[in-house]
Amino acid sequence: MDSKPQLVLDLAGVLITNLSSSFWQELARYAGTPFPVLIEQLSAIRKDLWTGRLTEEQFWIWMQTQYPKMDKMYAYELLDQTTELLPAMHCLERWSELAELHLLSNHCHEWIQAILPLIQPYCKSITISNQVGYCKPNIEIYELVQSHLDRDVRIIYVDDQAKNLKPAAELGWETLLADEQHQWIAEIDEWLAYPR
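Residues numbered from 1 in each chain as written. Predicted model: local features only at pLDDT ≥ 70, side-chain atom pairs only at ≥ 80, totals over all residues. Heavy atoms only, no water.

Asks: Help me get a handle on the nonpolar core, residues and values and all.
Replies: One finds Leu15, Trp95 and Trp184 to be the most contacted residues of the largest nonpolar core, which totals 29 residues. Elements with a minimum of two residues in this core: strand E1 (6-9), helix H5 (92-98), strand E2 (100-105), helix H6 (116-119), strand E3 (123-128), strand E4 (155-159) and helix H10 (184-193). Here the element with the most residues in this core is H10; it accounts for five residues. Look past the residues within four positions of tryptophan 184 in its chain and what remains in contact with it is Leu9, Val14, Ala88, Trp95, Val158, Leu176, Leu177, Ala178 and Asp179. (Core = buried A, V, L, I, M, F, W, Y, C linked by side-chain atoms within 4.5 Å. Buried < 20%, exposed > 50% of the residue type's maximum accessible area, 1.4 Å probe, protein only. Helix = DSSP H or I, 4+ residues; strand = E, 2+ residues; numbered from the N terminus. Contact = heavy atoms within 4.5 Å.)

Asks: Hey, could you go over the pairing of E2 for me, with residue numbers and the actual values?
Replies: Of all six residues that make up E2, five are buried, and the element is covered over most of its length. As defined by bridge partners, E1 adjoins E2 across four bridges and the pair is classed as parallel. Opposite glutamine 6, over in E2, you have glutamate 100 as the bridge partner. The pairing of E2 with E3 spans five bridges and is parallel. (Pairing = 2+ DSSP bridges.)

Asks: So what about the packing of aromatic side chains? Which residues, and what values?
Replies: Per the stated rule, a full pass over the model turns up twelve aromatic pairs. Summarising the aromatic geometry, the rings of phenylalanine 23 and tryptophan 24 are spaced 4.7 Å apart at their centres and angled 70 degrees between planes, so their arrangement reads as edge-to-face. According to the relative accessible area criterion, phenylalanine 23 is buried, its value standing at 3%. Geometrically, the ring pair formed by tyrosine 157 and tryptophan 173 is edge-to-face, given 6.1 Å between the ring centres and 75 degrees between the ring planes. In this pair, tyrosine 157 is assigned in strand E4 and tryptophan 173 in the loop between helix H9 (166-170) and strand E5 (174-177), connecting sequence segments 16 residues apart. Owing to a relative accessible area of 0%, tyrosine 157 belongs among the buried residues under this scheme. By relative accessible area, which is 4% here, tryptophan 173 ends up buried. By way of ring pairs, the aromatic residues Trp50, Phe59, Trp60, Trp62, Tyr76 and Trp111 are connected into one cluster. (Phe/Tyr/Trp six-rings, centres within 6.5 Å; stacked < 30°, edge-to-face > 60°.)

Asks: Give me the lowdown on the environment of leucine 85, citing residues and values where you can.
Replies: Within the secondary structure layout, leucine 85 lies in the loop between helix H4 (72-82) and H5. The contact partners of leucine 85, leaving out residues within four places of it in the chain, are Leu15, Ile16, His90, Ile115 and Leu118.

Below you can see the structure in the form of structure tokens.
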């Protein structure tokens, strides 16, 4: 029997909402700081957080050092309230019958633990940046994912940020940009229906 095509999916912006500005705006309000100031500070540490050089626990210690009013438990509640499933989440079961699914995400594993049980049954591999020490768009994280893929069949990668598609293309994967209207879902359905 022929091997199934390989479908590699980003998480935030593809299967669930991104860490939305509403989450960070509310957190900034709660911490008593202007939203642009918080975002600028987060930008400075984002790579360390996504690669696990800064642990999730150290992140909250840093936040509380910057903003003494910050409460981790409140932030977690807010994260739960602002994280929504996107339409593609409801396609995973169907897609998993036609392709081998793989997840590739820049994220804190701790922040998506509640979501992962909805995804794990359908995925052959799950790669979360802060668990592996690399983050997109660094080529190393794509090479790590590639080690889980059947490279003799078609591979397609879906991400909502164009800069994250380039390294995948360099490895010879097909790529698809996830649009906010979710029209990409129909493109994946067509891609799976007519394998070359």
